[in-house]
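Tertiary structure, described
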Amino acid sequence: MGKVRISLVKRTAKKLLAMYPDLFTEDFYHNKEMVKKVLKTPSKKLRNQIAGYVTHLVKIMKRREREE
């Protein structure tokens, strides 16, 4: 079984994608830097979790676009 993401990470990532849809890509390291610019997170771990979930959501969105 994988790790479960906390709702704070999911909620923040979805909100960032809604506010800045063109800012994020499928690259985790790029998204990490963008989250650092846009948000002030209390810890590096939380920032990386948000960036990872944003990356995951972007990949899902791209996959759905290709299927259509």
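What comes next is a walk through the structure. (Residues numbered from 1 in each chain as written. Predicted model: local features only at pLDDT ≥ 70, side-chain atom pairs only at ≥ 80, totals over all residues. Heavy atoms only, no water.)

So, on to the nonpolar core. One finds Ala13, Leu17, Phe24, Val35, Ile50 and Val54 to be the most contacted residues of the largest nonpolar core, which totals 14 residues. For this core, the elements supplying multiple residues, two or more each, are α1 (7–19), α2 (28–38) and α3 (44–67). The dominant element in this core, judged by the number of residues it contributes, is α3, at seven residues. When sequence neighbours within four positions are dropped, the list of residues in contact with Ile50 reads Val9, Thr12, Ala13, Leu16, Val35, Leu39 and Thr41. (Core = buried A, V, L, I, M, F, W, Y, C linked by side-chain atoms within 4.5 Å. Buried < 20%, exposed > 50% of the residue type's maximum accessible area, 1.4 Å probe, protein only. Helix = DSSP H or I, 4+ residues; strand = E, 2+ residues; numbered from the N terminus. Contact = heavy atoms within 4.5 Å.)

This part covers α2. A turn of α-helix holds 3.6 residues, and therefore any two residues three or four places apart point the same way. Turning to α2, its buried residues are Asn31, Lys32, Met34 and Val35. With its buried residues spanning 165° around the axis, α2 presents them on a single face. What points out from α2, more than 90 degrees from its buried face, is the exposed set Tyr29 and Lys37. Here the buried face of α2 lies against α1 and α3. (Arc of directions from axis to C-beta.)

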